[in-house]
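# A structural walkthrough
The residues making up each chain are set out below.
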Amino acid sequence: MAGVKALVALSFSGAIGLTFLMLGCALEDYGVYWPLFVLIFHAISPIPHFIAKRATYDSDATSSACRELAYFFTTGIVVSAFGFPVILARVSVIKWGACGLVLAGNAVIFLTIQGFFLVFGRGDDFSWEQW
């Protein structure tokens, strides 16, 4: 039952993050949908972790080169997701208020993704693979 509560909480926080992102695009004062491209960063951010988890079989090792490379790529993707709206606001494609809403949405969504891996990535009897 604890896994279901965690799944509901993660779904709720993901919906809040997407609401911030949509507000940054769809409010009448902003009205520009360029910030939606950060959804690409949200979708590809877990991919290096999945590849590294599949490629490394030794769970006893504290670190491996493949896992460290996955952390590096994931960090680059997350920093790019936070930098993209700032660059759009700097060149006046979007307004700074929209940039703030998109950055708030990014923070909530990436914390939701991290929470998903913390809750369902432990390898116990209740894991994300059964969903």
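Here is what the cut-offs are and how they apply
- All residue numbers refer to position in the chain's written sequence, counted from 1.
- Since the coordinates come from a predicted model, pLDDT governs what is reported: local features require at least 70, and pairs of side-chain atoms require 80 or more to be given and counted, while whole-chain, interface and lining totals use all residues.
- As a convention, hydrogens and water are excluded, and side-chain values are obtained from all of the structure's heavy atoms.
- UniProt positions are given in the numbering used here, feature names are shortened, and annotations may be inferred rather than shown by experiment.
- Helix and strand labels come from DSSP, where a helix needs a run of H or I of at least four residues and a strand needs a run of E of at least two; each type is numbered from the N terminus.
- Burial status follows relative accessibility: with a 1.4 Å probe on protein chains alone, a residue under 20% of its type maximum counts as buried, one over 50% as exposed, and anything between as partly exposed.
- Residue contacts are counted whenever heavy atoms from the two residues lie within 4.5 Å of one another.
- A 1.4 Å probe and the Shrake-Rupley method give the accessible areas. Residues count as covered only by the protein chains that appear here.
- In these notes, a set of buried Ala, Val, Leu, Ile, Met, Phe, Trp, Tyr and Cys residues joined through side-chain atoms within 4.5 Å is what counts as a nonpolar core.

As recorded by UniProt, the protein chain carries the name Leptin receptor gene-related protein and is attributed to Bos taurus. The Function field of the UniProt record for the protein chain holds the comment "Negatively regulates leptin receptor (LEPR) cell surface expression, and thus decreases response to leptin/LEP. Negatively regulates growth hormone (GH) receptor cell surface expression in liver. May play a role in liver resistance to GH during periods of reduced nutrient availability (By similarity)." The record held by UniProt for the protein chain lists under Sequence similarities the comment "Belongs to the OB-RGRP/VPS55 family."

It is worth spelling out the overall build of the protein chain at this point. For the protein chain, the count of helices and strands is 5 helices and 0 strands. Going from the N terminus to the C terminus, the protein chain shows its helices and strands as α-α-α-α-α. By residue count, 28% of the 131 residues in the protein chain fall in the buried class. Pairs at least 24 residues apart make up 63% of the contacts formed inside the protein chain by residues separated by at least 6 positions. Accessible surface, the protein chain as shown: approximately 8400 Å² in total, 70% of it carbon and sulfur.

What follows covers the nonpolar core. Core analysis: the largest hydrophobic core is formed by 5 residues, namely Leu88, Ala89, Ile94, Ala98 and Cys99. The contact partners of Cys99, leaving out residues within four places of it in the chain, are Pro85, Val86, Ala89 and Ile94.

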